[in-house]
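Fold and geometry: a report
As a plain string of letters, each chain reads:
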Amino acid sequence: VADPAVFTAQVARLVRPGGMALFSTLNRTAKSFALAIVGAEYLLRWVPPGTHHWRQFITPSELARWLRQEGCQLKAMTGLTYDPLRQSFQQAANDVAVNYLLAAVKDS
């Protein structure tokens, strides 16, 4: 997304009062750089090198702020972690350092 603040505002404007918007994105942390870029792109080759741009990752506080500016309130947030032994993603409520999901409700 070229301008995540504008994108978030446009999504929020499409949500009716009392409706919910769900977002899934990458957090801008050292851990996300190591796992999403170095690990997923260059070591494991899950996605092509250059797919991710760390400076474009969005912190939960940035996303929540943009949503509040559009009349939405954060309702829930959880992390997603990859379990290499099971080769699957698991919900991780206390770990939003790499991937996270955020739910926000538009004010009535």
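The preceding data block contains the structure.
Values in this document were obtained by computation on a predicted structure and should not be read as measured data. (Residues numbered from 1 in each chain as written. Predicted model: local features only at pLDDT ≥ 70, side-chain atom pairs only at ≥ 80, totals over all residues. Heavy atoms only, no water.)

In this approach, a probe sized like a water molecule rolls over the atoms, and the result shows the empty space that is left. By volume, the largest pocket is sized at about 490 Å³. Lining the largest pocket are 22 residues, and of these V1, T25, L26, Q56 and I58 sit closest to its centre. Quantified by volume, the second largest pocket comes out at close to 360 Å³. Along the walls of the second largest pocket sit 17 residues, with L35, W46, Y82, V98 and N99 positioned nearest its centre. Elements with a minimum of two residues in the lining of the second largest pocket: α2 (30-43) and β2 (72-83). When residues of the lining of the second largest pocket are assigned to their parent elements, the largest contribution, five residues, is made by α2. Split by residue class, the lining of the second largest pocket holds eleven nonpolar, four polar and two charged. (1 Å grid on protein atoms, 1.4 Å probe; cavity = no way out; pocket = protein on both sides within 12 Å on 5 of 7 lines; lining within 4 Å. Points joined across faces, edges and corners; volume = space filled by probe spheres on them. Helix = DSSP H or I, 4+ residues; strand = E, 2+ residues; numbered from the N terminus. Nonpolar A, V, L, I, M, F, W, Y, C, P; charged D, E, K, R; others polar.)

Soluble globular proteins tend to bury their nonpolar side chains together. With twelve residues, the main nonpolar core is built from A12, V15, A21, F23, I58, L63, W66, L67, C72, Y100, L102 and A104. If you list the elements that add at least two residues to this core, you get β1 (20-26), α3 (60-69) and β4 (99-106). Contacts of Y100, omitting those with residues within four sequence positions, involve F23, S24, T25, L26, N27, I58, T59, P60, L63, M77, T78 and G79. With five residues, the next largest nonpolar core counts A36, I37, F57 and V98 among its residues. (Core = buried A, V, L, I, M, F, W, Y, C linked by side-chain atoms within 4.5 Å. Buried < 20%, exposed > 50% of the residue type's maximum accessible area, 1.4 Å probe, protein only. Contact = heavy atoms within 4.5 Å.)

Moving on to the pairing of strand β3 (residues 88-92). As defined by bridge partners, β2 adjoins β3 across five bridges and the pair is classed as antiparallel. Following the sheet pairing, L80 is matched in β3 by Q91. Following β2, the chain reverses through four residues before pairing antiparallel with β3; Q87 in that reversal takes a positive phi of roughly 55°. (Pairing = 2+ DSSP bridges.)

Listing the buried residues of α3 in full gives P60, E62, L63, A64, W66 and L67. Buried residues along α3 sit in contact with α1 (4-14), β1, β2 and β4.

In this section: the side chain of S32. Tracing the backbone through its elements, the reader meets S32 in helix α2. Since its relative accessible area comes to 0%, S32 is described here as buried. Setting aside anything within four residues of it in sequence, one finds S32 in contact with N27, I37, W54, F57, A97 and V98.

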